[in-house]
Every structure is written in structure tokens, then in C-alpha cells.
Amino acid sequence: MAKTPQSYANHAMYQPLWHYWAVPAALFYLLYCLVALVRGGSTTHEVFDLIGAVGLNAGIWASRIMALTVQDRSIRLEMRLRLREVLPAPLVARIPELTKGQLIGLRFASAAELPGLVERILRRERVKAKEVK
């Protein structure tokens, strides 16, 4: 099955397992444990259920943060390599000055647009990632 090329229009997507099951179920369980603790008079069972619910939610969110961190790192690497190929030599030397957000914002720019956008960013013009995209 061929994947459609990524673009600004389709770069954000919902993962049904994450968005419609894992997060709502974990949050519901946390809420349930909080209500049980308040209503149950804070018995040992309710306290440990709450600790488990907090741990479950922390684990789910940590896994999401780790995945997004790896994704951001791969995008930054991809963009640094792409910029080395497209930019003139004086701008190539200044690639390390670009921030993570700027590199991520530049990923949807065409090869023809990149030199001008990078120059604007390095001149400290107010160019937000959403505007670059």
C-alpha cells in the first residue's frame, strides 16, 4: 500500500489507539480512583489504586513524549542534511544557529524557498514555525 507524501495538510494525524482508547481509558481510570478515594475514606486499597492510576498515566505520557522526542530529532537531522545540500556555503556555516522549532517549521518549504527563509530567520525577522510551514 503506497503512502501519500507528507505535506502540511496531512502532517498531523490521529492514532485511534492513542487518541480514542489509551489516553481516555487512563484518564477515566485516574478519575475513577480519585472519586473512589474521596468516597471510600482513603483506605489502603484506594490509595494504592490511585498510585497505580498515576503511574499508568505517567507511563502513557512518558511513552508519547519519548516518541515525539525521537521524531523531532530525526526531523532536525533530516533538515540539517537537506539544508547542507540546498543552501549556499555562507548559510551552511550558520545552520547550527537555527532552533529546533525553526528547523521543524522549515521542513515543508521547497528547495527554492529554503535559502530565502533561512536568511530571514537568521536576520532575526519574526518568522514563526507556523508561518514557515
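For the structure, see preceding data.
Reference entry: report on the structure contained in this document. (Residues numbered from 1 in each chain as written. Predicted model: local features only at pLDDT ≥ 70, side-chain atom pairs only at ≥ 80, totals over all residues. Heavy atoms only, no water.)

**Examining the environment of Ala 111**
For Ala 111, the position within the fold is in the loop between helix 4 (100–106) and helix 5 (114–122). Ala 111 gets classed as partly exposed once you look at its relative accessible area, which sits at 44%. Expressed as a C-alpha distance, the spacing of Ala 111 and Leu 83, which sit 28 residues apart in the sequence, is 8.7 Å. Those residues in contact with Ala 111, other than ones at most four positions away along the chain, are Arg 82 and Val 86. (Helix = DSSP H or I, 4+ residues; strand = E, 2+ residues; numbered from the N terminus. Buried < 20%, exposed > 50% of the residue type's maximum accessible area, 1.4 Å probe, protein only. Contact = heavy atoms within 4.5 Å.)

**Re the pattern of salt bridges**
What the rule picks out here adds up to three salt bridges. Close ionic contact of Lys 100 with Asp 72 constitutes a salt bridge, the shortest N to O distance being 3.7 Å. Taken as a pair, Lys 100 in helix 4 and Asp 72 in helix 2 (residues 44–86) lie far apart in primary sequence, 28 residues in all. The exposure class assigned to Lys 100 is partly exposed, which follows from its relative accessible area of 43%. The residue Glu 97 makes a salt bridge to Arg 94 at a minimum N-O spacing of 2.9 Å. (Salt bridge = Lys/Arg side-chain N within 4 Å of Asp/Glu carboxyl O.)

**Digging into the packing of helix 2 against helix 5**
Contact geometry of helix 2 with helix 5 gives a least axis separation of 10 Å together with a crossing angle of 110°. One element, helix 2, and the other, helix 5, form an angle in the roughly perpendicular class. Taken together, the residues of helix 5 that come into contact with helix 2 (itself represented by Met 79, Arg 82, Leu 83 and Val 86) are Leu 114, Pro 115 and Val 118. Tallied by class, residues from the contact of helix 2 with helix 5 come to six nonpolar, no polar and one charged. (Axes fitted to C-alpha atoms, helices over the stretch in contact; angles between N-to-C directions. Parallel < 35°, antiparallel > 145°, perpendicular 65-115°, else oblique. Nonpolar A, V, L, I, M, F, W, Y, C, P; charged D, E, K, R; others polar.)

**A few points about a nonpolar patch on the surface**
On the surface, Phe 28, Tyr 29, Tyr 32 and Leu 56 cluster together into a nonpolar patch covering about 430 Å² of accessible area. Here the element with the most residues in the nonpolar patch is helix 1 (residues 16–40); it accounts for three residues. Of note, Tyr 32 is situated in helix 1. (Patch = residues over 30% accessible without salt bridge, like charges linked within 9 Å, V, L, I, M, F, W, Y side chains within 5 Å. Areas by Shrake-Rupley, 256 points an atom, 1.4 Å probe, with all protein chains shown as cover.)

**Description of helix 5**
Within helix 5, the full set of buried residues consists of Leu 114, Pro 115, Leu 117, Val 118, Ile 121 and Leu 122. Down the axis of helix 5, the sector holding all buried residues measures 165°, keeping them to one side. At the C-terminal side of helix 5, Arg 124 shows a positive phi close to 70°. (Arc of directions from axis to C-beta.)

In short, shape yes, function no, at least from these values alone.
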